[in-house]
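In case you want the letters, here they are:
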Amino acid sequence: MSAREVPPKDEHRVAFDATIARRLWVYLAPHQRWVWISFGLLLFTSVLGLAQPFLMKLALDRYVAPTPEYAGDGSLDGFGWLLVVMFACALGELLGRAIQTYTLTLGGQNALLDLRLAVFRHLQRLSSSFFDRTPIGRLIGRVTTDIESLNEMFASGVVTILGDLVNMLAILGILFWMDWRLTLISLVAAPVLVLTTLWIRGRVRLAYQTMVTKRSAMNAYLHEQSAGMPLVQAFRREDRTRAAFDAINADLCEAQLGTVWWESVLSALTDMLSSVTMALILWYGGGLALKGLGMSELQADLAGAVTLGTLVAFLQYMDRFFGPLNELSLKYTVMQSAMTAAARIFGLLDQTAVTPEPDQPATPGPAAGAIRFEGVTFGYGEGTPVIHDLSFEVAPGERVAFVGATGAGKSTLLKLLTRLYDVDAGRITLDGFDVRELGVKDLRTRIGIVPQDVFLFSGNILENIRLGHPEITEDVARAAARDLHLERITDRLPGGLMEPVRERGSNLSSGERQLIAFARVLAVAPPVLALDEATSNVDSEMEHLLQEAVARVMQGRTSLIIAHRLSTIRDVDRIVVMHKGRLVEEGTHDELMAKRGFFWRLHQLQYAGSEDGGDA
Amino acid sequence: MFDTLRPLWPLILRYRWHYVIGSLCIIASQALKLQIPRFFWGTLGELKQAGDLPAAEARELILWASIWILASALLIAPIRTASRILILGSSRRLSADLLADVFERMLALAPSFYTRNPTGQVMSRAINDREYVRSLGGAVFMYMAETGVLYAITVPLMLLIDWQLALMALAPYPIFLVLARRIALRIQTLSRAAQNALGEISEKVDESLSGQMVIKTLNLEDADLERFRLRSEHYRALNLSVTKWRALLISLMMGLALLSTLLVLGVGGSRVVSGDLDFGEFGVLLTYLAWLAVPTRTLGFVISSLRRGTSAFERLREILDHDLELFHTETGTEHEVRGGSLRVQNLSVTFPALVDEPRLAGSEVQDHVGSERDVPRRVLDDVSFEVPAGTTTAIVGHTGSGKSVLARVLARQLEVDPGAVFIDDQDLTEVPLDVLRAQIGYVPQDAFLFSEPLHDNVALGNPDATEAEVLAALEGAQFAEDLDQLPEGLRTLVGERGVNLSGGQRQRTALARVLLLSPRLLILDDTLSAVDTRTSEAILEHLRPFAAERTTILIAHRLSSVAHADQILVLEEGRVVERGNHEELLALDGRYASTWRLQERSAHDAERAARLEAELADLPAPGADPEATS
Ligand SMILES: Nc1ncnc2c1ncn2[C@@H]1O[C@H](COP(=O)(O)OP(=O)(O)OP(=O)(O)O)[C@@H](O)[C@H]1O
Ligand SMILES: Nc1ncnc2c1ncn2[C@@H]1O[C@H](COP(=O)(O)OP(=O)(O)OP(=O)(O)O)[C@@H](O)[C@H]1O
Ligand SMILES: [Mg+2]
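Since we're looking at a predicted model, the values are computed, not measured.

About the cut-offs
Residues numbered from 1 in each chain as written. Chains lettered and ligands numbered in written order. Predicted model: local features only at pLDDT ≥ 70, side-chain atom pairs only at ≥ 80, totals over all residues. Heavy atoms only, no water. Helix = DSSP H or I, 4+ residues; strand = E, 2+ residues; numbered from the N terminus. Rg over C-alpha atoms; globule rule 2.2 N^0.38 Å. Buried < 20%, exposed > 50% of the residue type's maximum accessible area, 1.4 Å probe, protein only. Contact = heavy atoms within 4.5 Å. Areas by Shrake-Rupley, 256 points an atom, 1.4 Å probe, with all protein chains shown as cover. Lys, Arg positive; Asp, Glu negative; His and termini not counted. Charge placed at Lys NZ, Arg CZ, Asp CG, Glu CD. Axes fitted to C-alpha atoms, helices over the stretch in contact; angles between N-to-C directions. Parallel < 35°, antiparallel > 145°, perpendicular 65-115°, else oblique. Left-handed = near helix turned anticlockwise from the far one by under 90°. Donors = N, O, S within 2.8 Å, 3.2 Å for Na, K, Ca; no water. Buried area = accessible area lost by both parts, 1.4 Å probe. Salt bridge = Lys/Arg side-chain N within 4 Å of Asp/Glu carboxyl O. Polar contact = N/O pair within 3.5 Å; in protein donor to acceptor, adjacent residues only side chain to side chain. Nonpolar A, V, L, I, M, F, W, Y, C, P; charged D, E, K, R; others polar. Pairing = 2+ DSSP bridges. Near = heavy atom within 4 Å. pLDDT = per-residue confidence, 0-100. Phe/Tyr/Trp six-rings, centres within 6.5 Å; stacked < 30°, edge-to-face > 60°. Lys NZ or Arg CZ within 6 Å of the ring centre and 35° of its normal.

Moving on, we get to the overall build of chain B. Assigned secondary structure in chain B consists of 21 helices and ten strands. Since a compact globule built from 630 residues should have a radius of gyration of about 25 Å, the 36 Å found for chain B marks it as more spread out than a globular shape. Principal-axis analysis of the C-alpha atoms gives chain B an extent of 125 × 60 × 55 Å. Counting all 630 residues of chain B, 60% fall into the buried class. The long-range fraction of contacts in chain B, counting pairs at least 24 apart against all pairs at least 6 apart in sequence, stands at 80%. For chain B, the accessible area works out to roughly 23,500 Å², and carbon and sulfur atoms hold 57% of it. Mean positive and mean negative side-chain charge positions of chain B (61 and 81 charges, respectively) differ by 9 Å.

Before going further, it helps to examine the overall build of chain A. Within chain A one finds 20 helices and twelve strands. The buried share of chain A, reckoned over its 616 residues, is 60%. At a minimum sequence separation of 6, the contacts of chain A that also span at least 24 residues come to 77%. When the accessible surface of chain A is split by element, carbon and sulfur atoms take 59% of a total near 23,700 Å².

It is worth spelling out the packing of helix α15 (residues 467-476) of chain B against helix α17 (residues 503-517) of chain B at this point. Residues and elements named next belong to chain B. For the pair α15 and α17, interaxial distance at closest approach is 8 Å and the crossing angle is 125°. With respect to α17, the axis of α15 lies oblique. For the pair α15 and α17, the sense of crossing is right-handed. Along the contact surface, α15 presents E469, V470, A473, L474 and G476, while α17 presents A512, L515 and L516.

Around a metal, the ideal angle is 109.5 degrees if four donors adopt a tetrahedral arrangement and 90 or 180 degrees if six donors adopt an octahedral arrangement. Residue and element names in this part refer to chain B. Within the protein, the atoms that donate to the magnesium ion (ligand 3) are S404 (OG) and Q445 (OE1), at distances of 1.9 to 2.2 Å. Taken together, the residues S404 in helix α12 (residues 403-410) and Q445 in the loop between β6 (440-443) and α14 (454-458) connect sequence positions 41 residues apart. Its relative accessible area of 13% is what places Q445 among the buried residues.

By a widespread convention, an interface's size corresponds to the accessible area lost as its parts come together. Counting from both sides, the interface comprises 180 residues of chain A and, opposite them, 196 residues of chain B. Interface of chain A and chain B: buried area, both sides summed, is about 17,600 Å²; carbon and sulfur atoms make up 64% of it. A per-residue breakdown of the area chain A buries against chain B is headed by F235(A), L282(A) and R502(A), which together make up 4% of the total. Between the two partners, chain A and chain B, sit twelve salt bridges. E104(B) is paired through a salt bridge with R242(A); the nearest N and O atoms lie 2.8 Å apart. The tally of links from chain A across to chain B stands at 39 residue pairs in polar contact (both at pLDDT 80 or more). The element contributing the most residues to the side of chain A that touches chain B is helix α9 (residues 238-292) of chain A, with 30 residues. Grouping the amino acids of the side of chain A that touches chain B by side-chain chemistry returns 87 nonpolar, 55 polar and 38 charged.

So, on to the pairing of strand β3 (residues 399-404) of chain A. Residue and element names in this part refer to chain A. The buried fraction of β3 amounts to five of the six residues, a majority that puts the element mostly inside the structure. Strand direction decides the pairing type here: β3 and strand β10 (residues 558-562), joined by four bridges, are parallel. Opposite A401, over in β10, you have I561 as the bridge partner. As paired elements, β3 and strand β11 (residues 574-579) share five bridges and run parallel to each other. When the bridges of β11 are listed, V403 appears paired with V577.

Close contacts around ligand 2 come from 23 residues, with S509(A), G511(A), E512(A), G400(B) and S404(B) the closest. With respect to ligand 2, the chains having nearby residues are chains A and B. Between an oxygen atom of ligand 2 and a main-chain N or O atom of G511(A), the distance comes to 2.6 Å. The contact in question runs from an oxygen atom of ligand 2 to an N or O atom on the backbone of V405(B), over 2.8 Å. Protein chains bury 96% of the 640 Å² of accessible surface belonging to ligand 2 in isolation. Where the shell around ligand 2 is concerned, the elements lending two or more residues are α17 (510-522) of chain A together with β2 (377-387) and α12 of chain B. Counting residues per element, the shell around ligand 2 draws most heavily on α12(B), at four residues. Tallied by class, the residues present in the shell around ligand 2 amount to five nonpolar, 13 polar and five charged.

Further remarks concern unusual backbone geometry. The phi torsion at E533(A) lies on the positive side, around 50°, for a residue other than glycine. Note on placement: E533(A) falls in the loop between β9 (528-532) and α18 (540-553). One non-glycine residue, D589(B), lies in positive phi territory at about 55°. Note on placement: D589(B) falls in the loop between α19 (582-588) and α20 (591-601). Overall, D589(B) belongs to the partly exposed group, its relative accessible area being 48%.

The local shell around ligand 1 holds 24 residues, among which S411(A), T412(A), S502(B), G504(B) and Q505(B) are the closest. Near ligand 1, residues from chains A and B are present, making the site a shared one. Measuring from an oxygen atom of ligand 1, one finds a side-chain N or O atom of Q505(B) at 2.7 Å. Notes on ligand 1: free accessible area 630 Å², of which the protein chains cover 94%. Mapped onto the shell around ligand 1, the elements with two or more residues apiece are α12 (410-417) of chain A together with α17 of chain B. Ranked by residue count, the leading element in the shell around ligand 1 is α12(A), at four residues. A breakdown of the residues in the shell around ligand 1 according to their chemical character gives eight nonpolar, 13 polar and three charged.

All names here are of chain B. The pLDDT averaged across chain B works out to 82; a share of 90% of its residues lies at or above 70. Low pLDDT, under 50, characterises residues 620-630; the stretch is placed with eight contacts to residues that sit more than four places away or in other chains. Interface predicted TM-score (ipTM) for the complex: 0.85; the corresponding pTM is 0.85.

On to the packing of aromatic side chains, then. Scanning all chains against the criterion turns up 19 aromatic pairs over all chains. Centroid distance W261(A) to W262(A): 5.1 Å. Interplanar angle 75°. Geometry classified as edge-to-face. Each member of the aromatic cluster is reached from another via a ring pair, and the members are Y221(A), F245(A) and F103(B). Its guanidinium or amino end placed over the ring of F235(A), R513(B) lies 5.6 Å from that ring's centre, counting from NZ or CZ. Geometry around F546(B) places R550(B) over its ring, the cationic atom sitting 3.9 Å from the centre.

Here it is in structure tokens:
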């Protein structure tokens, strides 16, 4: 039931297409050169295309079925030349089109690259709380599938719609010039189509919106299930998972069938219109041609009739008029899908859950590492806060340990310190500056955190250590690895420090991953170091070595250490004890131990408690 | 190409009636549509011939022809709509079925498939590649049918009208088709590379978003963007090459149509002049050619889409045809797990060279130095031991010594050859997976939670568990206390991978869901590493009676939590170097003893601090009712 949770509110309603188009243009504008070239070529090919029926008319009227003024002549001299001209026109049109398609795609691909990077950059800026509530699968879809829909739009040349429209207008002009009555009569059916299309439009759009929403749901579901599949199997959840999947899949299919329905109707309608028009041309134009039979073009014109050649040319122009119209109806659906996708993308770009940067970041000198929490209260969502009115102070160079039951809020403290989340009340200062006054990057450079959840990037070990620190040369990185006794693990790996790292480090043991993450932070020796259960999966011998190494590297620097294994916090200067988001004790080892009476009572209590537990 | 697509057949056959009727509709509508120029041109021809036809008669002729055209148009519209709905609709259903097949395979693929292959790659196939495959059963099929029908009808008609002229018009086709084929092959290769690149993008986004906290805290944004940019640019370049070849192909086909028309116009035109050919027939011929021009152009599109669809399907087949990697030898005998004794015999595990691993194809972007490791790696070496039913065996050893690999083998998460692991004296690979999984409770080192309510995560293996049972399991994992801290208690959504819980809470949830199942065989891989000493003591305390009735494999770094085990194995570089119970191992004075001493060294401190921590954790929150503790 729950895997198909209501989507979070990044599903903006599709606003006016015009707004979206304008926003898309922002990305296209830097590459508009290509678009204009393509547009120019389009006009060029259109002219060449338009000339062809006219040339055909010439050929027919003069040579093949000569009207009186050309009759009798019988010579075919000009005919060959006419064919050559026609061939040249057509060839030009063809080449022009190929180049036009390419330049347009070039512009489009460049714009999409920019857009993709912009979306990615925006995702990077979004705060962690955004990711707490948004499934990653959905976001992956934004960057891939949705942008692909836009790509489809460029590829199938929806941008040429503009050209098509110009083309259609020109044809209309020619048609009116050739015979306005015939044109008017031929077009009587058009308004019906326009009205119907307008009506269907709304449906198509709705259908696409539903479809894209369902697709996102599918993305999110697939993403999570493929990550958790071994568990699904181990817990024999296949049937339920399959059922949930089938439901989502059926939903998606349903939504897609909706789009197909409207697409089909729309396309058949335009097609019908072109045939109806043909009937009209024949009916009315045939009459005119009957009248003009045997007349020269001029005579026919004067008599309000047409020649056969004119009629044929007329028909061909009409075909060229309906061609793009037909395609327009096809492209319309592609465009609708693209617009819906674009709306989603812009909806994401409009997400404002970004960690706010100060307008004028404070620029403290080199960090000393004094940290103060002043009455900090914080909660992840509404409801009870997980940190209550917490205050403490860490002097520069001090080593402080945070202990407390799991879920007490220790990791949260570090997230607040580096502004992954912002406090609800109170403030946190680093060297006297509120952390919110410092530039976010600056702040995070000053504080090196080894987080509880290790994350390695695919690549290799050395690269993971150097990542993001171009100033660290390979030699420095190797030296750092050696200082941290990393060779104890890398020596066992065939690739050593160059051992490849798979997605999330899945080809390494948990302890190995932790050690690499550790080295990554220690390699730059940050002014303030914070370790969050950094060695919980590491064997004691290694941990012991690490402790000494850290003590060496962090000599005189501030360190905050969270650990459950008490051996890890042996040498700290001070211990802060937390319980359910509050600070309950603080002091050196011995200070805390001195509060004997209190302990003794608690000890008795706990003893009784565990006996109870044993009986149960 | 058609070999590659063969597995698609059964799916297509499922909708054969849709396709058959849809095709019939296409034939009908095309046949009707072809009548229209005949009416039109036939009338015009007659008009030209019979200049002396009585005006009234001629008018009637025109009127009837127009009515016929109109009637056909009205008839065509619903037929055409039906054909599209049938065919395009089936393609959607087909693609849904295909996804269902892929998912079915995913459900069956061995766990190691998922450790080896990035989620992004799997997703990209299921989502993006499927779209291209779908177009094979939809747009491509339709265009092919339309084109085919058009050719099938027009070509004979053209031949009937004037076979010489018609042949001349068709003469350029073979040459062009040969050229088209070569281009199409190129498109297929390039499309595949482009799809691989897209998969790589989706993999990268996945990685960057999953690691967003780390990226933020370590200021890795720029470096990460660079990696993303590299992939995106690579993809863009490939897309452009595909476009280039596609444009070329389409131009080629347009050129073909053009050549035909001009031939007919030139040669036929002269013959009309010389009186060998009727003007009306000439007109029909020209119109037919013009009608063929459109599908000939779309032929370019069809060919390239066919190729792209094929390459996409190849990528999907990487999953569909992927080796399941979980052997199951049918022995015919009934298997069941009763006691749950384990025997491991000369077990060795070797990971193949990374270059040889059967992985889903990615792109060739290599932005990291160093090459793929090309030697296999042995991580477990000739391990043998026995665990009598109902006893506890602990596995300890240095980081990377192979403890987790061993646990995964025992839990059948990692496949080994038959003859190495036995449960109740039956070869592990002979016991049906279902039977086995029902009796194994494995808590992996990294707790994975689904973005579902806490309740559902605990009830993962037994969705019918009552709330009381779930609560009892949580109680056993010492989670109950945390419940009131969660905004909605059991109904709290834990977020993707459990991001809304603390590390220790996640581990305890993973533990609780195994406790709920009460399996015969319990495998706990460093399950309490993120849990504080007091809580972990309480959990172990609770586990003791539970474990006493079960066969238990316990992996830990904290030796104090394994000291009571019936048997302790010390692993070193994949080999069992010491074994025995706590006292025996201490007496042996080897690795175990030295680690024990190391941990003991801080024992004085540790004990003090542990007591301190334990007791402080029991403190009431300031402001809470002090009576509760006194
Ligand atoms: N992203 C989040 N959204 C909502 N609640 C959260 C989130 N992260 C943590 N919490 C809640 O905040 C509380 C404190 O979590 P925190 O991770 O700080 O605990 P901790 O002391 O580090 O625990 P542990 O020792 O288990 O790691 C927990 O009750 C947890 O459920
Ligand atoms: N999929 C894999 N491919 C290649 N090597 C692997 C793979 N999985 C694990 N290894 C290697 O096998 C070795 C043993 O890993 P394992 O996870 O069993 O260690 P561990 O004893 O559990 O260590 P830890 O105490 O850190 O959890 C490690 O050195 C690791 O790099
Ligand atoms: Mg392990």
